[in-house]
Amino acid sequence: MSYETILVEQRGAVTLVTLNRPQALNALNSAVLADLLDAFAKFDADASQGCAVLTGGEKAFAAGADIKEMSSQGFADMYGSNFFAGWEGFTRTRKPVIAAVAGFALGGGCELAMMCDFILAADTAKFGQPEVKLAVAPGMGGSQRLARAVGKAKAMDMCLTGRMMGAEEAERAGLVSRIVPAADLVEEAVKTAATIAGMAPLSVLANKELVNAAFETTLAQGVQFERRLFHGLFGTADQKEGMAAFVEKRPGNWTGK
Ligand code: CO8
């Protein structure tokens, strides 16, 4: 299926989604949201696909929510339509999504990258929440996810000054998992996604759910949830296969059951 604002390609068990509004530096408007929701619902439902990569262009992953689309809206329009609430649908993707970020990831672009499960950054990546310069504030979860990712001091610094953070600072701060040369970004992200897609599917879903639970629960609740899900995985055929394969020194042959 073809979309107006994104490109979608399957590379084996990896779905590669590329934001494709280069003339607007991939600014996120309602068409992008609709396209992404549709593409990621299909990805989640397709048993042949195990992990996705979301990327943008060389100059920009995404330079924010579309300022031109928002500029004339009033409070009643924004509140009445619960503007941006649709992006929560993206975070309900059950299979893992890696953000591969080169160039600008600003405002909604940084927020979208943070909605993914982890971020691989090109050495050219620049992250920022510059909404304060537009006399607004992050509206797609940026203040909350940035504070959880990099802590209060850096989150306050970024949100209050609107300054950008380069790839190295982002890696030091824990916002990105790794930095790779810009020329290798997409290949490296697809390779990482293929590694994940090669694991037993139910354990991948469980691992994602567990790490996410760490941000929503107390430690005791999270540890309890982890133990129960760990116990639950012993009810799967793939657990038997995974442990047998280890003992027999061969790769696992997963059924997703
Ligand atoms: N929205 C719409 N169009 C954009 C955006 C954007 N966020 N960013 C860039 N563009 C467009 C430009 O208008 C320009 O279009 P045109 O050629 O028609 O004039 C084209 O993309 C190229 O951009 P520039 O010419 O500006 O490129 P430069 O290389 O000079 O600069 C920058 C690149 C620094 C990235 C610059 O474009 C910039 O500062 N962009 C805006 C960044 C920004 O402020 N992002 C935050 C947006 S707000 C947001 O994401 C969340 C808002 C939350 C609101 C809460 C409501 C509930």
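Let me sum up the structure you'll find in this document. Treat the numbers as computed from the prediction; the structure is a model and nothing was measured.

### Thoughts on unusual backbone geometry
Even without being glycine, Phe-84 reaches a positive phi, approximately 80°. One non-glycine residue, Ala-135, adopts positive backbone phi at about 70°. Along the chain, Ala-135 falls in the loop between strand S8 (126-128) and helix H6 (142-150).

### A short note on the environment of Arg-172
Mapping Arg-172 onto the fold places it in helix H8 (residues 167-173). Overall, the relative accessible area of 67% leaves Arg-172 in the exposed class.

### What about the pattern of salt bridges?
Enumeration according to the criterion identifies twelve salt bridges in this entry. In this structure, Glu-9 engages Arg-11 in a salt bridge whose closest nitrogen and oxygen atoms are separated by 2.9 Å. For the salt bridge of Glu-187 with Arg-11, the shortest nitrogen-to-oxygen distance reads 3.0 Å. Here the residue Glu-187 occupies a position in helix H9 (residues 185-197), and Arg-11 occupies one in strand S1 (residues 6-11), the gap between them amounting to 176 residues.

### Overview of the nonpolar core
Of all hydrophobic cores here, the largest spans 45 residues; its most connected members are Leu-36, Leu-54, Trp-87, Leu-112, Phe-127 and Leu-175. In terms of residue count, the dominant contributor to this core is helix H1 (residues 30-45) (six residues). Those residues within four positions of Leu-112 in sequence are excluded, and the remaining contacts are Leu-19, Leu-28, Leu-36, Leu-54, Phe-61, Trp-87, Phe-90 and Met-140. Counting 16 residues, the second-largest nonpolar core is a separate cluster that includes Leu-185, Val-190, Ala-193 and Val-204.

### Let's talk about the sheet that holds strand S10 (residues 178-180)
Backbone hydrogen bonds are what pair the strands of a sheet, in a parallel or an antiparallel way. The six strands are arranged S1-S2-S3-S5-S7-S10 in an open sheet whose pairing can be described as mixed. Strands with a single pairing partner mark the edges of an open sheet, and in this sheet they are S1 and S10. Neighbouring strand axes in the sheet, compared pairwise and without regard to direction, differ in orientation by 25° on average. In terms of strand pairing, strand S7 (residues 118-122) meets S10 through three bridges, oriented parallel. Bridging from a neighbouring strand, Leu-120 pairs with Arg-178 of S10.

### So, the sheet that holds strand S6 (residues 104-106)
Across the sheet, which stays open at both edges, the four strands sit in the order S4-S6-S8-S9 with mixed pairing between neighbours. Pairing within the sheet leaves two strands with one partner each, and these edge strands are strand S4 (60-62) and strand S9 (164-166). Within this sheet the neighbouring strands show an average axis-to-axis angle of 20°, counted without direction. Where S8 meets S9, three bridges bridge the pair, whose relative direction is antiparallel. Residue pairing in the sheet places Lys-126 in a bridge with Gly-166 of S9. Lying over the sheet, helix H5 (residues 108-115) contacts S4, S6 and S8, oriented at roughly 90° with respect to S6.

### Digging into the pairing of strand S3 (residues 51-55)
Burial runs high along S3: five of the five residues are buried. With burial as the criterion, each face of S3 is covered, one bearing Cys-51, Val-53 and Thr-55 and the other bearing Ala-52 and Leu-54. Here strand S2 (residues 14-19) runs beside S3; their pairing, made up of five bridges, is parallel. Paired with Thr-15 across the strands is Ala-52, a residue of S3. With H1 bridging S2 and its parallel neighbour S3, the resulting β-α-β unit is right-handed. Looking at chain direction, S3 and strand S5 (residues 97-101) are connected through four bridges and run parallel. Paired with Ala-52 across the two strands is Val-97, which belongs to S5.

Calculation rules
Residues numbered from 1 in each chain as written. Predicted model: local features only at pLDDT ≥ 70, side-chain atom pairs only at ≥ 80, totals over all residues. Heavy atoms only, no water. Helix = DSSP H or I, 4+ residues; strand = E, 2+ residues; numbered from the N terminus. Buried < 20%, exposed > 50% of the residue type's maximum accessible area, 1.4 Å probe, protein only. Salt bridge = Lys/Arg side-chain N within 4 Å of Asp/Glu carboxyl O. Core = buried A, V, L, I, M, F, W, Y, C linked by side-chain atoms within 4.5 Å. Contact = heavy atoms within 4.5 Å. Pairing = 2+ DSSP bridges. Axes fitted to C-alpha atoms, helices over the stretch in contact; angles between N-to-C directions. Right-handed = clockwise from strand over helix to strand, strands pointing away.

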